[in-house]
Amino acid sequence: MLMVVATVLVGVAIYAYKSTKPPPPKICGSPNGPPITSPRIRLGDGRHLSYRERGLPKERAKHRVVLVHGWNRSKDIHLALSEEVMDELGVYIVTFDRAGYGESDPNPKRSVKSEAFDIQELADQLKLGPKFYVIGISIGTYSIWACLKLAGATLVVPVINYWWPSFPPKLVNDVFRKQLKRDQVKLTIAHNFPGLLYWWMTQKLFPYSSILQRHPTILSKRDLETLKQMPQEQILDEAKVKQQGEYESLHRDLMVHFGEWEFDPMELKNPFPNNEASVYLWQGHEDKLVPYELQRYVAKKLPWIDYHEVPDGGHQLIHEKGLCETMFRELLLERGVPKHISKFKIVIIHGFGSSKEMTFLVPQELIEELGIYFVLFDRAGYGESDPNPKRSVKTEALDIQELADQLQIGSKFYVIGVSMGSYPTWSCLRYIPDRLAGVAFVVPVINYKWRSLPKSLTKEDYRRRLVQLALWFSKYAPGLLQWWVTQKWIPSSPALQRNPFFFNDNDIEVLKKTPGFPMLSRDKLGERGVFDTLRGDFITGFDNWDFDPVDLSNPFTDNESSVHIWQGYEDKVVPFQLQRFITGKLPWIKYHEVPDGGHLIVHYDGICEAILRALLLGEESPLYRPKTTVNIP
């Protein structure tokens, strides 16, 4: 009997041992191993790294980008960039199989640091130059946190390590508990008992991974739409991705990322202290795999990271054509030439719920050709600028003047105000006209309290009633207003819902490709500081002013420069009729109207270039002349 029991126990022990011991990897190019079909480099430790090149030849490229794939992916990841866009950007892109994936040799000593050195050695052997750009996706971002030689970096839905020391325990525990139980166990094992991870990922008794088992809750509605639209030929062959064994690809990835790091990313210093480049982070608010709450915390701890949150975005942002292109443009295209060599210096003023990170799409060739220096800033209370409890229309202009003086951009500069950023622009015309070299308004909001507006144009305008109602609540019942815009039972935020009541078809297409209005999300509006900033901005813009813009005089009486208004004919936020009335009363303003334009024309292809050519060179495009006239009362 004892012999039988001993035999059973030995058998169980042998089975348990074998269950936790992964099989040896099938090395590419070895006998009985997968074939080598792609170019590879030999690393200093003898391993091989497989890679794929896209875009322009690196010898002709203006920008060189290393793109790092995520979990269960490879160098053949679908990249939603057309050849035309890559040619336009002048970009060379190299993707590579990380250690153990695809055709790259496994690295039994893989670590966060070794992944960064693999990237560095790849760049050196491919002769990408002393500086290059990096874009990391999902779990592939742990390499980016450790990278050294950068010209700029973008992290796309970067996976969070719940054990980074800087996270507040309550926050990280609350978020961790929202994960599926199978993933909680998987990550706990990867961090605390990595030797058991192979067993957990291969046992059949319990659910082990929501991703590998394709649990329906891990994809947002937008993710599902994105995956449906991906070309079938671009969908990866997962068998080839992990052909050398799941342990050296998928399992080791989890152990490295969720293990103990040699550093805490939230203690990193800005790699670009002189603003010579930037680091960007893109997150989907509806991402079911990476919690936005922790991502926001990381971005708050590292204010030098430009954080973008796509309101209804999920985990598949990189595969969306419009967003992928936006990410590359933001990373590669600079915001102008250095001010000491520039010919034109322009201050751009953002609108409601936006920031200095707003998009202003201008070809880099035009920027360099004309010699343009841009400065964008967070208006009072926005982004990283202090609130101004005494904010007024006048203080906004004085802020701009002081910014220009401290940045030493000269006695005269250009101003471009977008949407709600137009009231500081009107203020510049009123209070500091002698400092202006030229002015452009883009879809400027209208204040229905301006005395000169005729009742015949505003009496039946539903927007006037909405503004009056919102203004009353902002001034006299702010608590009730905050409750209304954050409650979840009745739709109350059309901007987030892409409501055609406020946006035309072209605007809605723009919102599919941009972060939209992250500051106007219910979560952000629930934050007291954010709500108070927006409330103060709204009251200042739409309450009583101490001047009427229609009474202003032409600041350029000798035609040495000009003032422009750009308006969308289909703008549902600001009616074109009122814009035409203003320019009818102020004939020294040059009026441009985009025939099928809505309120987001600043994001349309070609519009920003047209704005600059009109403002700086006096080039008027017939495409944007109003097609009909309107009787001015």
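Definitions and cut-offs
- Note that residues are indexed from 1 along each chain, following the sequence as it is written.
- In keeping with the model being predicted, local features are shown solely for residues with a pLDDT of at least 70 and side-chain atom pairs are shown and tallied solely at 80 or more, while totals for entire chains, interfaces and linings include all residues.
- Note: side-chain values were computed over all heavy atoms of the structure, leaving out hydrogens and water.
- What counts as a helix is a DSSP run of H or I of at least four residues, what counts as a strand is a run of E of at least two, and both are numbered from the N terminus.
- Radius of gyration here uses only the C-alpha atoms, and the compact-globule reference equals 2.2 Å multiplied by the residue count raised to the power 0.38.
- A 1.4 Å probe rolled over the protein chains alone gives each residue an accessible area, and that area as a share of the maximum for its type sets the label: buried under 20%, exposed over 50%, partly exposed in between.
- Any two residues whose heavy atoms approach within 4.5 Å are treated as being in contact.
- Accessibility throughout is a Shrake-Rupley quantity obtained with a 1.4 Å probe, and a residue counts as covered only by protein chains that appear here.
- Counted as positive: Lys and Arg. Counted as negative: Asp and Glu. His and the chain ends are not counted at all.
- By convention, the charge on Lys lies at NZ, on Arg at CZ, on Asp at CG and on Glu at CD.
- By the criterion applied in these results, polar contacts are pairs of N or O atoms within 3.5 Å in which, for protein atoms, one can donate a hydrogen and the other can accept it, and in which residues neighboring in sequence qualify only through two side-chain atoms.
- Only buried Ala, Val, Leu, Ile, Met, Phe, Trp, Tyr and Cys residues count toward a nonpolar core, and they belong to the same one when joined by side-chain atoms within 4.5 Å.
- Strand pairing is assigned whenever DSSP detects at least two bridges linking the two strands.
- The axes are straight lines fitted to the C-alpha atoms, using for helices just the contacting stretch, and the angles between their N-to-C directions are given from 0 to 180°.
- To estimate how far a helix should extend, the number of its residues minus one is multiplied by 1.5 Å.
- Using protein atoms alone on a 1 Å grid, points that fit a 1.4 Å probe yet trap it form a cavity, whereas open point sets bounded by protein on both sides within 12 Å along at least five of seven lines form a pocket; residues with an atom within 4 Å of a point count as lining.
- Grid points are joined across faces, edges and corners, and a volume is the space filled by probe spheres set on the points.
- Two joining distances apply to patches: 9 Å for like charges and 5 Å for nonpolar side chains (Val, Leu, Ile, Met, Phe, Trp, Tyr), and every residue must have over 30% relative accessible area and no salt bridge.
- For this analysis, a salt bridge means a side-chain nitrogen from Lys or Arg found within 4 Å of a carboxyl oxygen belonging to Asp or Glu.
- The definition of a right-handed crossover adopted here requires that, viewed with the strands pointing away, the path from the first strand over the helix to the second runs clockwise.
- To pair, rings of Phe, Tyr and Trp, with the six-membered ring standing in for Trp, must have centres within 6.5 Å; the planes then decide the type, stacked if under 30 degrees apart, edge-to-face if over 60, and tilted in the middle.
- Residue ranges for the domains trace back to a domain assignment, done automatically or taken from a database.
- It is the directions from the helix axis to the C-beta atoms whose arc is reported.

Q: Whenever I open this one, the overall build of the chain confuses me. Can you help?
A: Looking only at helices and strands, the chain has 23 helices and 14 strands in total. Rg of the C-alpha trace for the chain: 28 Å, near the compact-globule value of 26 Å for 633 residues, within the 12% margin. Projecting the C-alpha coordinates of the chain onto the three principal axes gives extents of approximately 105 × 55 × 45 Å. Every one of the 633 residues in the chain was classed for burial, and the buried ones make up 55%. Contacts in the chain between residues far apart in sequence, at least 24 positions, make up 77% of those at least 6 positions apart. Here the chain displays about 28,800 Å² of accessible surface, and carbon together with sulfur accounts for 56% of that area. For the chain, the separation between the mean place of its 77 positive charges and that of its 75 negative charges on side chains is 4 Å.

Q: Please explain the environment of Gln 579 as it appears in this structure.
A: Note on placement: Gln 579 falls in helix α22 (residues 576–585). Separated by 10 residues in the primary sequence, Gln 579 and Tyr 569 have C-alpha atoms spaced 9.9 Å apart. Dropping the residues within four chain positions of it, Gln 579 is found in contact with Val 443, Pro 444, Ile 446, Ile 565, Gln 567, Val 574 and Tyr 591. One polar contact links Gln 579 to Gln 567, side chain to side chain, over a distance of 2.9 Å.

Q: Teacher, can you tell me more about the nonpolar core here?
A: Considering soluble globular proteins, one finds that nonpolar side chains tend to be buried as a cluster. Counting 66 residues, the largest nonpolar core has Val 66, Leu 122 and Val 134 as the members making the most contacts within it. Apart from residues lying up to four places away in sequence, Leu 122 is in contact with Ile 41, Leu 49, Tyr 51, Val 66, Val 94 and Phe 96. Core analysis: the next-biggest nonpolar cluster, separate from the first, contains 48 residues, Phe 377, Cys 428, Val 550 and Val 563 among them.

Q: Is there a simple way to think about the sheet that holds strand β13 (residues 563–568) in this case?
A: Remark on secondary structure: sheet strands pair via backbone hydrogen bonds, oriented parallel or antiparallel. Strand order across the open sheet formed by six strands is β10-β9-β11-β12-β13-β14, with parallel pairing between neighbours. Only two strands of the sheet have a single partner each, and these edge strands are β10 (372–377) and β14 (589–594). Here the average twist between neighbouring strands, direction ignored, is 20°. Alignment of strand β11 (residues 413–418) against strand β12 (residues 436–442), held across six bridges, turns out to be parallel.

Q: Please clarify how unusual backbone geometry should be interpreted in this entry.
A: Glycine aside, the phi torsion of most residues is negative, and most peptide linkages are trans. Positive phi outside glycine occurs at Asn 72, with the angle close to 60°. Along the polypeptide, Asn 72 turns up in the loop between β3 (63–68) and α2 (83–89).

Q: Would you explain helix α21 (residues 528–542) in this entry?
A: Given 3.6 residues to a turn, an α-helix orients residues that are three or four positions apart in the same direction. The terminal C-alpha atoms of α21 lie 21 Å apart, and with 15 residues this matches the ideal 21 Å at 1.5 Å per residue to within 8%. Of all the residues in α21, the buried ones are Val 530, Phe 531, Thr 533, Leu 534, Asp 537, Phe 538, Ile 539, Thr 540, Gly 541 and Phe 542.

Q: Could you clarify how one ought to interpret the layout of surface pockets in this entry?
A: In this approach a probe as big as a water molecule rolls over the atoms, and the regions it shows empty are the leftover space. By volume, the second largest pocket is sized at about 1,000 Å³. Along the walls of the second largest pocket sit 43 residues, with Trp 71, Arg 73, Ile 211, Leu 289 and Gln 316 positioned nearest its centre. Examining the composition of the lining of the second largest pocket, we find that three residues originate from one element, helix α6 (residues 181–192), more than from any other.

Q: Mind showing me how you'd approach a nonpolar patch on the surface here?
A: Judged by side-chain polarity, Tyr 462, Leu 466 and Phe 501 come together as a nonpolar surface patch covering roughly 260 Å² of accessible area. Accessibility expressed as a relative area gives 42% for Phe 501, which makes it partly exposed.

Q: Looking at this structure, I do not really get the pairing of β14. What am I missing?
A: On a regular strand, each side chain points to the face opposite its neighbour's, so the side chains alternate between the two faces of the sheet. The element β14 is extensively covered by neighbouring structure, given that five of its six residues are classed as buried. With six bridges connecting them, β13 and β14 associate as parallel partners. Directly across from Val 563, in β14, lies its bridge partner Ile 589. At this point the chain moves from β13, through α22, to the parallel β14, and the crossover so formed is right-handed.

Q: Teacher, can you tell me more about the sheet that holds strand β2 (residues 48–55) here?
A: Overall, mixed pairing links the eight strands, which are arranged β1-β2-β4-β3-β5-β6-β7-β8 in an open sheet. For this open sheet the edge positions go to β1 (40–42) and β8 (305–310), each flanked by a neighbour on one side alone. Along the sheet, successive strands turn relative to each other by an average axial angle of 25°, direction set aside. Two strands pair when backbone bridges link them, and strand β5 (residues 132–137) and strand β6 (residues 150–156) are joined in this way by six bridges, in the parallel orientation. When the bridges of β6 are listed, Gly 136 appears paired with Leu 155. Helix α11 (residues 292–301) contacts β7 (279–284) and β8 of the sheet and is inclined by roughly 160° relative to β8.

Q: Explain the packing of aromatic side chains here, please?
A: As enumerated under the stated definition, the model contains 26 aromatic pairs in all. Here the aromatic rings of Tyr 162 and Phe 176 are separated by 5.0 Å at their centres, their planes lie at 75°, and the arrangement is edge-to-face. Taken as a pair, Tyr 162 in the loop between β6 and α5 (169–176) and Phe 176 in helix α5 lie far apart in primary sequence, 14 residues in all. A residue is classified by how much of its surface remains accessible, and Phe 176, at 14% relative accessible area, is buried.

Q: Before we go on, may I ask you to explain the side chain of Lys 75 in this structure?
A: By secondary structure assignment, the location of Lys 75 is in the loop between β3 and α2. The residues contacting Lys 75, other than those within four sequence positions of it, are Ser 38, Ser 50, Tyr 51, Arg 52, Arg 54, His 69, Thr 95, Phe 96, Asp 97 and Glu 103.

Q: Even after reading the chapter, I still don't get the domain arrangement of the chain, so can you show me in this structure?
A: Note on interface size: it is often stated as the accessible area lost on association of the parts. Splitting the chain by domain gives domain 1 (39–266 + 274–334) and domain 2 (345–632). Placing the centre of domain 1 and that of domain 2 at their C-alpha centroids yields a distance of 37 Å.

Q: Looking at this structure, I do not really get helix α19 (residues 505–513). What am I missing?
A: Inspection of α19 places Asp 507, Ile 508, Val 510 and Leu 511 among the buried residues, and these make up the whole buried set. Buried residues of α19, seen end-on, are gathered within an arc of 155° and therefore sit on one face of the element.

Q: Got a minute to help me understand the environment of Met 255 in this structure?
A: Turning to its location among the elements, Met 255 is positioned in helix α10 (residues 246–257). In sequence terms Met 255 and Ile 565 are 310 residues apart; their C-alpha atoms lie 56 Å from each other. In this structure, Met 255 is in contact with Ala 190, Pro 194, Leu 197 and Tyr 247, ignoring residues within four places of it in sequence.

Q: When you look at the environment of Asp 571 in this model, what are you seeing that I'm missing?
A: Take Asp 571: it is sitting in the loop between β13 and α22. In the structure, Asp 571 is positioned 444 residues away from Lys 127 in sequence and 49 Å away in space, judged by C-alpha atoms. Apart from the residues lying within four places of it in its own chain, the contact partners of Asp 571 are Val 443, Arg 463, Gly 597, Gly 598 and His 599. Of note is the side chain of Asp 571, whose polar atom sits 3.0 Å from the backbone nitrogen of Val 574.

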